[in-house]
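Now for the letters of each chain:
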Amino acid sequence: MTALEPTTVLPPGPLIDPSDPAFVADPYPAYAHVREATAVWHPDGGELTFLTRFADVHAAFRDRRLGVTFLHRYLPEELGLPPDVPVWRDARWTEFQAFERWELLNLEPPVHTRLRRLVLEAFTPRTVDGLRDGIAERARALLAPGREAGSIDLVADYAQRFSLGIICALIGVPTTDETMLLGWSEATVRMYEPAPSDDQQRASNEAAGAFRRYLLDLVVHRRRSPADDLLSALLDATIDGERLTDEQIASTAMVLLMAGHEAVVNATANGIALLAAHPDQWRHIVCGEVEPRAAIEEILRFDPPLQWFTRWVLEDGFTVDGIGIPRGSRVALVLAAANRDPRRHPDPERFDVTRADTTHLSLGGGIHFCIGAPLARLELETTLAELARTEEELAIVAPAVRRPTFQFRGYDRLVIALTRPS
Ligand code: HEM
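Numbering of residues starts from 1 in every chain and runs along the sequence as written. Local features in this predicted model are restricted to residues of pLDDT 70 or higher, and side-chain atom pairs are both shown and tallied only at a pLDDT of 80 or more, whereas totals for entire chains, interfaces and linings draw on every residue. To get the side-chain values, take all heavy atoms of the structure and skip hydrogens and water.

Brief notes about the sheet that holds strand β3 (residues 66–67)
Across a sheet, strands are paired by hydrogen bonds formed along the backbone, either parallel or antiparallel in direction. For clarity, the threshold we go by: Note on pairing: DSSP must find at least two bridges between two strands before they are called paired. Here a strand is any run of E in DSSP of at least two residues, a helix any run of H or I of at least four, and the numbering for each starts at the N terminus.
Pairing is mixed across the open sheet formed by five strands, whose spatial order is β1-β2-β10-β7-β3. Every interior strand has two partners, whereas the edge strands, β1 (40–41) and β3, have only one. When strand β7 (residues 309–313) meets strand β10 (residues 330–333), the two strands line up antiparallel, connected through four bridges. Note on β10: the bridge partner recorded for Phe309 is Leu333.

Here it is in structure tokens:
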């Protein structure tokens, strides 16, 4: 097979371009255009090569010739990259790098395998199912003031406090510090946007430093007074007879705190906005034809909160659809495009909670598959079930405000009507 060059020029049509507000507002027409024009797209002069078809993205998540980093194997120069690429090598962002040094999503085996195994124990479907009643209670308590008032901002007054509260309790972070954590988390994750400005990177770097130091202090405190939480379990854990370092524990707790709420908050808002816009679909849930547990899979397929993840090509000979992608390339696995691939789903642009097959890639795949998937699913299911219990119709009662960010796709504000208790 001859390796071809990735396509650089496409027929006229909308393009994948996170710097374009129209694309950020609705990326799906561009995904469809690119996906149907080519399996592999490398915009002229761009840093990323895009994969958008379901089978290709599915396979790429599992392909060990790709890695979340290359630094465990190569110097940037060896891959023909400038020495300060990527952000982990930029001398200005040492605080962020200290966090990423032990961040699961930035590690490759064997370190990744060992650290992940320890964390997984806290998130098995069985362990998570044990949280079911407490989570339902938390949802009801947070919705109660909104029910009295007749409406609620689902983002600020419900989803953020719901998900962050749950993950804080699991890890053992005082709930009184939630507001501070929210600020740090939101600033830190800006570094993952496709082209963050220098100011955003600086703010992200500072927030990552403050967040990490807070967790390092908490680790010291927890060592003196252990509790029944994940932090204590990680302090107790050993890998091949060795204990985790404070840095490893702090980075692990930090990624769980951030991943553990940012994506769920956005998935909640995306889902409720979709269901409000499709009353026929909401009715399927309210009248019990479709279980909330099934409906959330269609929400995750149709409008995922995380649109793509990237990988480095670590070896020669990586091809997609017969097109060669050279070693040292950075590939974007556009899961949001793959989820709507007509090769995988009939009528993929239709939001339909009654679909028999809602298979999606929104939680990733392979060795980095989302650790929090059982918890994320339980949280989303609980919210839908709680709302379906009382709301025959879902109504958005103030202008919805979308987040201006791309990597985390969701809403800043989504006010819905709630039925007052009789
Ligand atoms: C709807 C909500 C969520 C979505 C859509 C989501 C999505 C994802 C995706 C796509 C990945 C893989 C990234 C990659 O391959 O590069 C991932 C990894 C991860 N997620 Fe989630 N996530 C969600 C909720 C959660 C929650 C609630 C937690 C924590 C409790 C969590 C913790 C993690 C962690 C730690 C990883 C890294 C795993 C590893 O590298 O081994 N996520 N998530």
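A word on the pairing of β7
By the bridge criterion, two bridges tie β3 to β7 in an arrangement that is antiparallel. Paired with Gly67 across the strands is Trp312, a residue of β7.

A short note on the packing of helix α12 (residues 246–277) against helix α16 (residues 373–390)
Applicable threshold: What counts as an axis is a line fitted to C-alpha atoms, over the stretch in contact for a helix, and the angles between N-to-C directions run from 0 to 180 degrees. Should the near helix be turned anticlockwise from the far one by less than a right angle, the crossing is termed left-handed; should it be turned clockwise, right-handed. Every residue pair with non-hydrogen atoms within 4.5 Å of one another is taken to be in contact. Classification convention: Asp, Glu, Lys, Arg as charged; Ala, Val, Leu, Ile, Met, Phe, Trp, Tyr, Cys, Pro as nonpolar; all other residues, Gly among them, as polar.
Where α12 meets α16, the axes come as close as 10 Å, and the angle between the chain directions of the two elements is 35°. Crossing hand, α12 versus α16: right-handed. Here Val264, Ala267, Thr268, Ile272 and Leu275 of α12 lie close against α16, whose contacting residues are Ala376, Glu379, Leu380, Thr383, Leu384 and Leu387. Classifying every residue of the contact of α12 with α16 gives eight nonpolar, two polar and one charged.

Focus on the site of the ligand
Rules: Throughout, the term near means that a residue has one or more heavy atoms lying within 4 Å of the molecule or strand in question. We define a polar contact as two N or O atoms separated by no more than 3.5 Å, with the added condition that, inside protein, one atom must be a possible hydrogen donor and the other a possible acceptor, whereas residues neighbouring each other in sequence contribute only through side-chain atom pairs.
Near the ligand you find 28 residues, and of these His112, Arg116, Arg311, His368 and Cys370 are the closest. Separating an oxygen atom of the ligand from a backbone N or O atom of Leu104 is a distance of 3.4 Å. The side chain of His368 places a nitrogen or oxygen atom 2.7 Å from an oxygen atom of the ligand. Residue assignment for the shell around the ligand shows that the elements contributing at least two residues are α5 (111–120), α12, β7 and α16. Counting residues per element, the shell around the ligand draws most heavily on α12, which supplies six residues.

Here's the deal with the layout of surface pockets
Heads up, the condition is: Here a cavity means grid points, on a 1 Å grid over the protein atoms only, where a 1.4 Å probe fits yet cannot get out; a pocket means an open set of points with protein on both sides within 12 Å along at least five of seven lines; lining residues are those with an atom within 4 Å of a point. Grid points are joined across faces, edges and corners, and a volume is the space filled by probe spheres set on the points.
Taken as a whole, the second largest pocket holds about 300 Å³ of empty space. In terms of lining residues, the second largest pocket is bounded by 13 residues, among which Thr69, Leu71, Arg101, Asn106 and Leu107 are the most central. For the lining of the second largest pocket, the residue count by class is six nonpolar, four polar and three charged.

Describing the packing of aromatic side chains
Heads up, the rule is: Pairing of aromatic rings covers Phe, Tyr and Trp, the last through its six-membered ring, and needs centres within 6.5 Å; plane angles under 30 degrees mean stacked, over 60 mean edge-to-face, and all others mean tilted. Throughout, exposure labels follow a simple rule: accessible area from a 1.4 Å probe, protein chains only, divided by the maximum for the residue type, with under 20% read as buried, over 50% as exposed, and the rest as partly exposed. Here, over-ring charges are defined by two tests on the NZ atom of lysine or the CZ atom of arginine: distance to the ring centre within 6 Å, and angle to the ring normal within 35 degrees.
Applying the stated criterion across every chain, the model contains 13 aromatic pairs. Seen from their ring centres, Phe70 and Trp312 are 4.8 Å apart, and the 85° between their planes marks the pair as edge-to-face. Taken together, the residues Phe70 in the loop between β3 and α4 (94–100) and Trp312 in strand β7 connect sequence positions 242 residues apart. For the pair Phe70 and Trp312, one class covers both residues: buried. Grouping aromatic residues by their ring pairs yields a cluster made of Phe23, Tyr28, Tyr31, Trp41, Phe50, Trp308 and Phe406. Over the ring of Trp102 we find Arg101, and its NZ or CZ is 4.1 Å from the ring centre. A cation sits over an aromatic face here: Arg344 above Phe54, 5.1 Å from the ring centre.

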